[in-house]
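Structural description and commentary
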Amino acid sequence: MRNPILVTGGTGTLGRAVVERLLDAGHDLRVLSRRSRPAAAGYEWATGDLRTGEGIDAATSGVDAIVHCATTLGRKDVAATQRLIDSARRSGDPHLVYISIVGVDEVPLPYYRAKLEAEERVVSSGLPWTILRTTQFHDLVARMTSVQRRSPVIAALAGVDFQPIDVQEVAARLAELAVGAAAGRVPDMGGPEIRSHRDLAREYLAATGRRRLVLPIRVPGAAFAGYRRGGHLAPEHAVGRVTFSDFLAGEAR
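1. Looking at the pairing of strand β1 (residues 5–8)
- Neither face of β1 is open: one carries Ile-5 and Val-7, the other Leu-6 and Thr-8, and all of them are buried.
- For the handedness criterion, the β-α-β arrangement of β1, helix α1 (residues 13–24) and strand β2 (residues 29–33) is classed as right-handed.
- Pairing geometry for β1 and strand β4 (residues 65–68), over 4 bridges, is parallel. Each residue of the ladder has a partner; that of Leu-6, found in β4, is Ile-66.

2. Describing helix α7 (residues 197–207)
- Listed as buried for α7 are His-197, Leu-200, Ala-201, Tyr-204 and Leu-205. Buried residues of α7, viewed axially, fall in a sector of 135°; they line one side.

3. Section: the sheet that holds strand β3 (residues 44–47)
- Sheet architecture is open: 7 strands sit in the order β3-β2-β1-β4-β5-β6-β9, paired in parallel fashion. The open sheet has two edge strands, β3 and β9 (184–185), and neither has a second partner.
- As paired elements, β2 and β3 share 4 bridges and run parallel to each other. Paired with Leu-32 across the two strands is Ala-46, which belongs to β3.

4. Brief notes about the side chain of Glu-169
- Looking at the secondary structure, you find Glu-169 in helix α6 (residues 167–178).
- Look at Glu-169: it is buried, it has no salt bridge, and the nearest opposite charge is Arg-241 at 5.6 Å.
- Sequence-distant contacts of Glu-169, defined by excluding residues within four places in its chain, comprise Met-189, Gly-240, Arg-241 and Val-242.

5. Things to note about α1
- In this model α1 runs 17 Å from its N-terminal to its C-terminal C-alpha over 12 residues, within 8% of the 16 Å that 1.5 Å per residue would give.
- The complete set of buried residues in α1 reads Leu-14, Gly-15, Ala-17, Val-18, Val-19 and Leu-22.
- In the core, the buried residues of α1 are packed alongside β1, β2, β4, β5 (95–101) and α6.

6. Regarding the environment of Thr-134
- The residue Thr-134 is located in strand β6 (residues 129–134) in this model.
- For Thr-134, a relative accessible area of 3% gives the class buried.
- The spacing of Thr-134 and Ile-165 is 31 residues in sequence and 7.8 Å in space, taken between C-alpha atoms.
- Contact partners of Thr-134, with chain neighbours within four places excluded, come to Ile-99, Ser-100, Ile-101, Val-102, Val-170 and Met-189.

7. Focus: the packing of aromatic side chains
- The tally for this structure, following the rule as stated, stands at 5 aromatic pairs.
- Summarising the aromatic geometry, the rings of Phe-224 and Tyr-227 are spaced 5.8 Å apart at their centres and angled 45° between planes, so their arrangement reads as tilted. Pair noted here: Phe-224 and Tyr-227 are both in helix α8 (residues 222–229), with a separation of 3 residues, about one helical turn.
- Consider the rings of Phe-244 and Phe-247, whose centres lie 6.0 Å apart with planes at 25°: the pair is stacked. Of this pair, Phe-244 and Phe-247 both sit in helix α9 (residues 244–252), 3 residues apart, which is roughly one turn of that helix. Pair check on accessibility: Phe-244 and Phe-247 agree, each one buried.
- Grouping aromatic residues by their ring pairs yields a cluster made of Tyr-112, Phe-162, Phe-224 and Tyr-227.

8. Observations regarding the packing of helix α3 (residues 75–91) against helix α4 (residues 110–123)
- Following both chains from N to C, one finds α3 and α4 inclined at 15°, their axes separated by 8 Å at the closest point. In terms of axis orientation, α3 runs roughly parallel to α4. The two elements α3 and α4 cross, and the hand of that crossing is right-handed. Contacts between α3 and α4 involve Arg-75, Asp-77, Val-78, Thr-81, Gln-82 and Ile-85 from the first element and Ala-114, Lys-115, Glu-117, Ala-118, Arg-121 and Val-122 from the second.
- Here the residues of the contact of α3 with α4 sort into 5 nonpolar, 2 polar and 5 charged.

What counts and how
- Residues numbered from 1 in each chain as written.
- Predicted model: local features only at pLDDT ≥ 70, side-chain atom pairs only at ≥ 80, totals over all residues.
- Heavy atoms only, no water.
- Buried < 20%, exposed > 50% of the residue type's maximum accessible area, 1.4 Å probe, protein only.
- Helix = DSSP H or I, 4+ residues; strand = E, 2+ residues; numbered from the N terminus.
- Right-handed = clockwise from strand over helix to strand, strands pointing away.
- Pairing = 2+ DSSP bridges.
- Arc of directions from axis to C-beta.
- Lys, Arg positive; Asp, Glu negative; His and termini not counted.
- Salt bridge = Lys/Arg side-chain N within 4 Å of Asp/Glu carboxyl O.
- Contact = heavy atoms within 4.5 Å.
- Expected span 1.5 Å × (residues − 1).
- Phe/Tyr/Trp six-rings, centres within 6.5 Å; stacked < 30°, edge-to-face > 60°.
- Axes fitted to C-alpha atoms, helices over the stretch in contact; angles between N-to-C directions.
- Parallel < 35°, antiparallel > 145°, perpendicular 65-115°, else oblique.
- Left-handed = near helix turned anticlockwise from the far one by under 90°.
- Nonpolar A, V, L, I, M, F, W, Y, C, P; charged D, E, K, R; others polar.

Written out as structure tokens, the structure is:
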């Protein structure tokens, strides 16, 4: 690619990993963030805000591809994605790579519904596009327990399994997709293991040296029924190699 690749949300957990992968492969990059440029960065920097549109036209100008890692909650995510699309269309015809979540069309969670609508905006954008859905990242599953660390009892979702995947593996796939031709909806990416939330919570506690009772809680509602049905899982696409145990061992070092 002669022109840079734009990574939105390039200072976030996934965005940073995508940036590192693309830099290591020798590609020219431009990173979009609401933050000011760091003192030392081996790539172009664009300060802008997808929530308002400020600075987005300059960020998308002259890029060959956009990896859209920036995200927010609910309808704001849809609006931000549409602003990015509109700006990209004004700047040319860049390849738009969008990261989404397995189950956005199966689990009626408001955040998932917003991600599904954002997907639909990408598909109908008129731009060359690629969409990758993945299962939950290891650090998100760990955080569901860590945020309860001051509680004497740890709640886990009864009847719910997760298939956590390593963020670095997802970043590697996004980097690969960004430098390739638009591929539409590509196969989902799932972690290597499907395990109960209770089991994952117990392992996190053991790895961090905490002794707590883990109490399964059955949460009512259609969204959590969707989780119990496994709508957010991809057992046929268990392509990840880094297990939750591997992740915790790395975190403990």
